[in-house]
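So you can see what is in the structure, the chains are spelled out below.
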Amino acid sequence: MIRNALKVSHVFINENSVFVLVPRVGNYSEIHELAQNIFDLNAITRTKESIAKENARVGIINTTRNVNTLEQIKKLLQENLNYQNVTNLKLPAQKVKLLNQETSTVYDLANGSKPFTTNELATKLPASVSYETVSLSSILSKPEEFDIIVLIAQDLIDKYDREEGSLEDLNKGRDDWDYLNH
């Protein structure tokens, strides 16, 4: 079940930090999923159970050099989506250059045997799916250690490179606003 489909984030407007609620994933896919299954929430539970059974080994390659984006995506996968086997692949710069793409991609290295995980990653990040793994085989030293590779490209920076806040921050900001205006 989706517990918190939104998260608190900070946005700067004219040097002032304001709080906003944004989807916890890079788009509104979780909210759409919840709305589509509002009368059958077990469908979401069944999908989550299928993903857990797949127990995919996911590798992340960050081509952006943006560490915050990488950390936010890794946190999303591990803490929010409950992926157990997520590894940040630190490749030499010359190898990362070979993968330089404009859009993020989920590479299925498991020949379609992890369809629920592949679909969730592609939908929620969002990213395109590729079954073409020749370019990865020459770059990864042991591609057989992973079922799926997530290649983070420039298109995800705006979605994930935000300072994250908490509900406590939001409530404190609201209390401060009320105090100033009364």
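Residues numbered from 1 in each chain as written. Predicted model: local features only at pLDDT ≥ 70, side-chain atom pairs only at ≥ 80, totals over all residues. Heavy atoms only, no water.

J.: What should I look at first to understand a nonpolar patch on the surface in this one?
T.: A cluster of nonpolar side chains, contributed by L6, L21, Y28 and I31, occupies part of the molecular surface with about 370 Å² of accessible area. Tracing the chain through its elements places I31 in helix α1 (residues 29–36). (Patch = residues over 30% accessible without salt bridge, like charges linked within 9 Å, V, L, I, M, F, W, Y side chains within 5 Å. Areas by Shrake-Rupley, 256 points an atom, 1.4 Å probe, with all protein chains shown as cover. Salt bridge = Lys/Arg side-chain N within 4 Å of Asp/Glu carboxyl O. Helix = DSSP H or I, 4+ residues; strand = E, 2+ residues; numbered from the N terminus.)

J.: I keep staring at the side chain of E54 and nothing clicks. Help me out?
T.: Topologically, E54 is positioned in helix α2 (residues 42–54). For the buried E54, no salt bridge exists, and the shortest N-O distance to an oppositely charged side chain is 6.5 Å, to K114. (Buried < 20%, exposed > 50% of the residue type's maximum accessible area, 1.4 Å probe, protein only. Lys, Arg positive; Asp, Glu negative; His and termini not counted.)

J.: Would you explain the nonpolar core in this entry?
T.: Buried together is how nonpolar side chains tend to be arranged in soluble globular proteins. One finds V58, L77, Y83, V106, L121, L125 and V150 to be the most contacted residues of the largest nonpolar core, which totals 22 residues. Top contributing element to this core by residue count: helix α3 (residues 67–80), with 4 residues. Excluding its chain neighbours within four sequence positions, the residues that come into contact with L77 are V58, I60, N82, Y83, V86 and L121. Counting residues in hydrophobic clusters, the runner-up holds 11 residues, among them L99, L109, I139 and L140. (Core = buried A, V, L, I, M, F, W, Y, C linked by side-chain atoms within 4.5 Å. Contact = heavy atoms within 4.5 Å.)

J.: Where do I start with the packing of α2 against helix α5 (residues 115–124) in this structure?
T.: A pair of packed helices is captured by two measures, namely the crossing angle of their axes and the spacing between those axes. Two numbers describe how α2 lies on α5: the axes approach to 8 Å, and their chain directions differ by 115°. Classified by the angle their axes make, α2 and α5 are roughly perpendicular. Judged by the sense of rotation from one axis to the other, the crossing of α2 with α5 is left-handed. Taking contact as the criterion, the partners of T47, K48, S50, I51 and E54 in α2 are, on α5, P115, F116, T117, E120 and K124. Within the contact of α2 with α5, the residues separate by chemical class into 3 nonpolar, 3 polar and 4 charged. (Axes fitted to C-alpha atoms, helices over the stretch in contact; angles between N-to-C directions. Parallel < 35°, antiparallel > 145°, perpendicular 65-115°, else oblique. Left-handed = near helix turned anticlockwise from the far one by under 90°. Nonpolar A, V, L, I, M, F, W, Y, C, P; charged D, E, K, R; others polar.)

J.: How should the sheet that holds strand β5 (residues 105–108) be read in this particular structure?
T.: The sheet built from 5 strands is open, its strands ordered β4-β3-β7-β5-β6 with mixed pairing. With one partner strand each, in any of the chains shown, β4 (85–88) and β6 (128–130) form the two edges of the open sheet. Taking each pair of neighbouring strands and ignoring which way they run, the sheet shows an average axis angle of 20°. Here strand β3 (residues 57–62) runs beside strand β7 (residues 148–152); their pairing, made up of 5 bridges, is parallel. When the sheet's bridge partners are listed, N62 is paired in β7 with I152. (Pairing = 2+ DSSP bridges.)

J.: Explanation requested: the pattern of salt bridges in the structure shown.
T.: Oppositely charged side chains can form a pair if their charged atoms are brought close together. Applying the stated criterion across every chain yields a total of 6 salt bridges. The residue K124 makes a salt bridge to E33 at a minimum N-O spacing of 3.3 Å. Taken as a pair, K124 in helix α5 and E33 in helix α1 lie far apart in primary sequence, 91 residues in all. By relative accessible area, K124 is classed as buried at 5%.

Honestly, it's all geometry; don't read function into it.
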